[in-house]
Amino acid sequence: METDDGAWFITIGPPPNPGSARIEVRVDGVRFAGRYLSLDDLAARIRGQLARQPDRRVLVQPAAGVDLQATVRVLDRLSNAGVRNLSLMDQGASGGGGG
């Protein structure tokens, strides 16, 4: 989210609610809506959702074993795609791994 002074921060949010978009950062790729997507495709899909619902909450959930830099790349791409309500979930919340 962006603060009044233009700074950005990421919140550690509660479990997802039905109006949230959840993105899983897994060892074997990035999943959204049950499908693996490239970062470019993910950004395009999220931009489409934001066009209809600009304040949509986007939850990013890294799986256990995911490199921190991989998660940061996803967060950066989502921010560049226009996401302003962005939360990082606990790794243990889904149990999703590289399988």
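Source: prediction; values computed, not measured.

Caption draft 1: Region of interest: the overall build of the protein chain. Scanning the protein chain for helices and strands turns up 2 helices and 6 strands. In the protein chain, the succession of α and β elements from N to C terminus is β-β-β-β-α-β-α-β. For the protein chain, the residues scored as buried account for 34% of the 99 residues in total. Residue pairs in contact within the protein chain that sit at least 24 positions apart in sequence constitute 72% of those at least 6 positions apart. Here the protein chain displays about 5600 Å² of accessible surface, and carbon together with sulfur accounts for 50% of that area.

Caption draft 2: Representation of the pairing of strand E5 (residues 58–62) in the model. Buried residues dominate E5, accounting for 5 of its 5 residues. Residues Val58, Val60 and Pro62 point to one face of E5 and Leu59 and Gln61 to the other, with burial holding for every one of them. Pairing between E5 and strand E6 (residues 86–88): 3 bridges, direction parallel. Bridging from a neighbouring strand, valine 58 pairs with leucine 86 of E6. Tracing the backbone out of E5, into helix H2 (residues 68–80) and back to the parallel element E6 gives a crossover that is right-handed.

Caption draft 3: A look at the nonpolar core. By size, the foremost hydrophobic cluster in this structure holds 19 residues, and its most contacted members are Ile23, Leu42, Ile46, Val74 and Leu78. Among the elements that line this core, the one with the most residues is H2, at 4 residues. With residues up to four places along the chain from it excluded, the contact list for isoleucine 23 reads Val30, Arg31, Phe32, Leu42, Ile46, Val58, Leu59, Val60, Gln61, Val74 and Leu78.

Scoring rules and cut-offs
- Residues numbered from 1 in each chain as written.
- Predicted model: local features only at pLDDT ≥ 70, side-chain atom pairs only at ≥ 80, totals over all residues.
- Heavy atoms only, no water.
- Helix = DSSP H or I, 4+ residues; strand = E, 2+ residues; numbered from the N terminus.
- Buried < 20%, exposed > 50% of the residue type's maximum accessible area, 1.4 Å probe, protein only.
- Contact = heavy atoms within 4.5 Å.
- Areas by Shrake-Rupley, 256 points an atom, 1.4 Å probe, with all protein chains shown as cover.
- Pairing = 2+ DSSP bridges.
- Right-handed = clockwise from strand over helix to strand, strands pointing away.
- Core = buried A, V, L, I, M, F, W, Y, C linked by side-chain atoms within 4.5 Å.

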